[in-house]
Amino acid sequence: MQTVAFSPGTLRFAEELPEHAPENGFIWLFLERENLEQELPTVQRAAQRLGGSQLLDLHCADLINAAHPSHYDYTSVYDLIVFRRLATQEEGGRDTEANGQARSMPAAFRRISTRAVGFAVFDRLLVSVHPAGCFTARSFLQRYLSDAVHSDGLTTTVRSRLPTTPADLMLRMVNVMVDSYLELRKVLSQQLDHWQQELLRPGSRFSNWNALMAARNELHMLEDLCEEQHDAMQEWLDTLREQPAGAMPQAERDGLVARSRDVIEHIQRVVHHVRRLEQNAETVVQIHFSAQSNRTNDIMRILTALTAVFLPLNLIAGIFGMNFEFIPLIHQQDGFWWAMGAMGVIATLLIVLFRRKRYLARSAR
């Protein structure tokens, strides 16, 4: 468990839980989910001492639950936000080994694996619960520390603007999580474009249907996931707007509203892109089967035309093959050549007729 004290322009790592938050600042307490049960008494003391109320048992269970969907809840003292972020490659690799279906999918769709990150947002305290090795909290600290100087036990930022409230820091971390979904769009689009080219290629013998259907299911799951994220952040924004006018400075409220709108807008962009990918996948499959059906129709048309060409020839051959003694031309020396010539002329005329009517025309590619 790590404790970071934020005050205007400075941040400080605290080895022990402070008695009170810095003046005009706040305390950020972040820990891994696997250690939450063990550290829960310390977290509850911090919530009571710095936030004014302990966490409800139901909310503690939500923070411990690794499979909890994106969710928002609140009390009169604090807000609870659970937000699912994309798993890192190492985390996704462990899931892939346990899931045979995931191994059959391309690497782009195996990245649609998520982990829950929980936030308890007080006025002067932020408690965040992350999966083991979570990059979100550490990336923020590294960014702030890269622009900092150290003096008298304090870390003073030089260029980066530090968050001023727990809600501000929570929204910044959520925004980074959403941006990872935006980056995923390009990878998913490239994979689907590859499949589209394979499906629409003339004479295609596409056989990777299991992977395509599994990827389609993953897109459905991603859409549901983003809708849950959107609902959670929209409820957070609605609660923020409904607070009394004097609950916080107007400038702070406007900043939080602006950041919340930005996060929601990014989530909406992901949802719209995922829906477009789903529609494109369904459309290209329909086009593929339509092209296969047209190709089959072309083959049947050619076979039907060839059958019509040979039908009168079979008729002539059948007539001259009858077991009658007196048949015209059958006892003449050049009767065979007259019959062959008639058959050739009839076949030629039918072929010319069918080509003019485009029954034997080659399909354009």
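Residues numbered from 1 in each chain as written. Predicted model: local features only at pLDDT ≥ 70, side-chain atom pairs only at ≥ 80, totals over all residues. Heavy atoms only, no water.

### Concerning the overall build of the protein
- Helix and strand content of the protein: 10 helices and nine strands.
- Long-range contacts, defined here as pairs at least 24 residues apart, represent 69% of the contacts in the protein between residues at least 6 apart.
- Element-wise, carbon and sulfur atoms account for 53% of the exposed surface of the protein, whose accessible area totals about 20,500 Å². (Helix = DSSP H or I, 4+ residues; strand = E, 2+ residues; numbered from the N terminus. Contact = heavy atoms within 4.5 Å. Areas by Shrake-Rupley, 256 points an atom, 1.4 Å probe, with all protein chains shown as cover.)

### Looking at the pattern of salt bridges
- Inspection of every chain in the model, using the stated rule, returns five salt bridges.
- The partner of Glu223 in a salt bridge is Arg275, and the shortest N-O contact between them spans 2.9 Å. Taken as a pair, Glu223 in helix H8 (residues 209-242) and Arg275 in helix H9 (residues 250-320) lie far apart in primary sequence, 52 residues in all.
- What makes Arg275 partly exposed here is its relative accessible area of 33%. (Salt bridge = Lys/Arg side-chain N within 4 Å of Asp/Glu carboxyl O. Buried < 20%, exposed > 50% of the residue type's maximum accessible area, 1.4 Å probe, protein only.)

### Points about the nonpolar core
- Ranked by internal contacts, the top residues of the largest apolar core, which has 61 residues, are Trp28, Phe119, Met170 and Met233.
- Counting only elements with at least two residues in this core, the list comes to strand S1 (2-7), strand S3 (26-32), strand S5 (79-86), strand S6 (114-121), helix H6 (135-146), helix H7 (166-200), H8 and H9.
- In terms of residue count, the dominant contributor to this core is H7 (15 residues).
- The next biggest cluster of nonpolar side chains, apart from the first, holds 21 residues, and it includes Leu36, Leu50, Leu55 and Phe122. (Core = buried A, V, L, I, M, F, W, Y, C linked by side-chain atoms within 4.5 Å.)

### Looking at the packing of helix H1 (residues 36-51) against helix H2 (residues 57-64)
- The interhelical angle for the contact between H1 and H2, taken along N-to-C directions, is 140°, at an axis separation of 12 Å. Considered as vectors, H1 and H2 are oriented oblique to each other. In the packing of H1 onto H2, the handedness of the crossing is right-handed. Contacts between H1 and H2 involve Leu36, Glu37, Leu40 and Gln44 on the former and, on the latter, Cys60, Leu63 and Ile64. (Axes fitted to C-alpha atoms, helices over the stretch in contact; angles between N-to-C directions. Parallel < 35°, antiparallel > 145°, perpendicular 65-115°, else oblique. Left-handed = near helix turned anticlockwise from the far one by under 90°.)

### Quick notes on the confidence of the model for the protein
- Looking at the protein as a whole, the pLDDT averages 80, with 88% of positions reaching at least 70.
- Between residues 93-100, whose pLDDT stays under 50, and residues either more than four places distant or in other chains, the model counts six contacts. (pLDDT = per-residue confidence, 0-100.)

### Description of the side chain of Arg115
- Mapped onto the fold, Arg115 is located in strand S6.
- You can call Arg115 buried: its relative accessible area is 16%.
- A distance of 3.2 Å separates a polar atom in the side chain of Arg115 from a polar atom in the side chain of Ser113. (Polar contact = N/O pair within 3.5 Å; in protein donor to acceptor, adjacent residues only side chain to side chain.)

### Here we look at the packing of aromatic side chains
- All told, the structure shown has five aromatic pairs when counted by the stated rule.
- Summarising the aromatic geometry, the rings of Tyr72 and Tyr74 are spaced 6.0 Å apart at their centres and angled 20° between planes, so their arrangement reads as stacked.
- We classify Tyr72 as buried; its relative accessible area is 5%.
- In textbook terms, an aromatic cluster arises when at least three aromatic residues are bridged by ring pairs, as seen for Tyr72, Tyr74 and Trp236. (Phe/Tyr/Trp six-rings, centres within 6.5 Å; stacked < 30°, edge-to-face > 60°.)

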